[in-house]
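Fold and contact review
The primary structure of each chain is shown beneath.
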Amino acid sequence: MDLDWPGCRNVRDVGGLPTADGRVTREGVLIRADSLQYLTEAGVVAFRRAGVARILDLRGDGEVAAYPTPFTGTPLAVRQSLQDPADPDHGQPTIVEACIWMLDKRPELFAAAVKAIADEPEGAVVVHCHGGKDRTGMVVALALSVAGVPEDEIVADYYLTQSRLAGWLEEQLADEPDASKHPEMIEFRDTRAESIVAILRHLDAEYGGPEAYLRHGGLTENDLSNLKGRLVG
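To start, this report covers the structure provided alongside it.

1. Describing the pairing of strand E3 (residues 52-57)
- In terms of strand pairing, E3 meets strand E5 (residues 124-128) through five bridges, oriented parallel. Counterpart to Arg54 in the pairing with E5 is Val125.
- Looking at chain direction, E3 and strand E4 (residues 77-79) are connected through three bridges and run parallel. Counterpart to Leu56 in the pairing with E4 is Val78.
- Handedness of the β-α-β unit built from E3, helix H2 (residues 61-66) and E4 comes out right-handed.

What follows is the structure, given as structure tokens:
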């Protein structure tokens, strides 16, 4: 369900998705977003009306320092970068390879992000990075997988970001006069359904699936149970 938070372009509640056992994910529990730095004053008001109990900011130190949100440094916001400050740039030629590099490099950080969703006792958790597409998309996909949401529904949710950010991509391309840079910009800014499919296949092949990957990163059975309880009741 799309949410109208003026200033942000890619905000939605992932409640209402079906699970394999015939239930649905709960509304008002997990919200995915692009960076809250973009919120206007009206957007901040809309945010506060949404009953948010926790913000999970997946951006790195440099991003947060350069582009703080209205909530940076407040008790509401939790910092959970998916890369260690000592990590090099990924150096990968495609978005899929970059995402897989991040997952393989720091499973403990992805597990910590998912655990933060599980550990919040009540109210909505907002997960965001910059565009709300890749880092946010992976964390949300992992959480939904644990909740029992079928892969086709996870892929459909991921793909929604493409249309939400299409206008933004067009603006960025228009602002870059060097057309030789456009293919790389599109590669790392577009959100294709096949990208998350390839990422999920990697988790299957290398770890035995999303839940096994999160266990590899340090989540316990109790953590996974808490997450399921939060997302589906």
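2. What to know about the packing of helix H5 (residues 135-147) against helix H6 (residues 151-175)
- Running from N to C, H5 and H6 cross one another at 155°; their axes reach a closest spacing of 10 Å. As far as their axial angle goes, H6 and H5 are roughly antiparallel. Where H5 crosses over H6, the handedness of that crossing is right-handed. Taking contact as the criterion, the partners of Gly137, Val140, Ala141, Leu144 and Ser145 in H5 are, on H6, Ile154, Asp157 and Tyr158.
- Class assignment of the residues belonging to the contact of H5 with H6 gives a composition of five nonpolar, two polar and one charged.

3. Details of the nonpolar core
- Grouped together as the largest cluster of nonpolar side chains are 50 residues, with contacts concentrated most on Phe110, Ile117, Val139 and Leu214.
- Among the elements of the structure, helix H3 (95-105), helix H4 (107-119), E5, H5, H6, helix H8 (193-207), helix H9 (210-216) and helix H10 (221-232) are those that each provide at least two residues to this core.
- The greatest single-element share of this core, amounting to nine residues, is contributed by H5.
- Filtering out sequence-adjacent residues up to four positions away, Ile117 remains in contact with Leu30, Leu56, Val125, Val127, Val139, Ala143, Leu227 and Arg230.

4. Regarding the side chain of His202
- Topologically, His202 is positioned in helix H8.
- Given a relative accessible area of 15%, His202 falls into the buried group.
- In contact with His202, not counting residues within four places along its chain, are Ile100, Asp104 and Tyr207.

5. What to know about the side chain of Asp157
- In this fold, Asp157 is placed in helix H6.
- For Asp157, a relative accessible area of 8% corresponds to the buried category.
- Setting aside residues no more than four positions away along its own chain, Asp157 makes contact with Arg12, Val14, Arg32, Val140 and Leu144.

6. Regarding the pattern of salt bridges
- Applying the stated criterion across every chain, the model contains 21 salt bridges.
- Among the ionic pairs, Asp21 bridges to Arg23, the shortest N-O distance being 3.1 Å.
- Between Glu211 and Arg215 there is a salt bridge, with its nearest N and O atoms 3.0 Å apart. Taken as a pair, Glu211 and Arg215 lie in helix H9 at a separation of four residues, close to a single helical turn.
- Take Arg215: its relative accessible area is 37%, and that puts it in the partly exposed class.

7. A look at helix H1 (residues 41-49)
- Residues of H1 that are buried include every one of Gly43, Val44, Ala46 and Phe47, and no others. Seen end-on, H1 carries its buried residues on one side only, within an arc spanning 160°. Along H1, the residues that are exposed and aim more than 90 degrees away from the buried face are Glu41, Arg48 and Arg49.
- Summarising the contacts, the buried residues of H1 are in contact with E3 and E5.

Basis of the calculations
Residues numbered from 1 in each chain as written. Predicted model: local features only at pLDDT ≥ 70, side-chain atom pairs only at ≥ 80, totals over all residues. Heavy atoms only, no water. Pairing = 2+ DSSP bridges. Helix = DSSP H or I, 4+ residues; strand = E, 2+ residues; numbered from the N terminus. Right-handed = clockwise from strand over helix to strand, strands pointing away. Axes fitted to C-alpha atoms, helices over the stretch in contact; angles between N-to-C directions. Parallel < 35°, antiparallel > 145°, perpendicular 65-115°, else oblique. Left-handed = near helix turned anticlockwise from the far one by under 90°. Contact = heavy atoms within 4.5 Å. Nonpolar A, V, L, I, M, F, W, Y, C, P; charged D, E, K, R; others polar. Core = buried A, V, L, I, M, F, W, Y, C linked by side-chain atoms within 4.5 Å. Buried < 20%, exposed > 50% of the residue type's maximum accessible area, 1.4 Å probe, protein only. Salt bridge = Lys/Arg side-chain N within 4 Å of Asp/Glu carboxyl O. Arc of directions from axis to C-beta.

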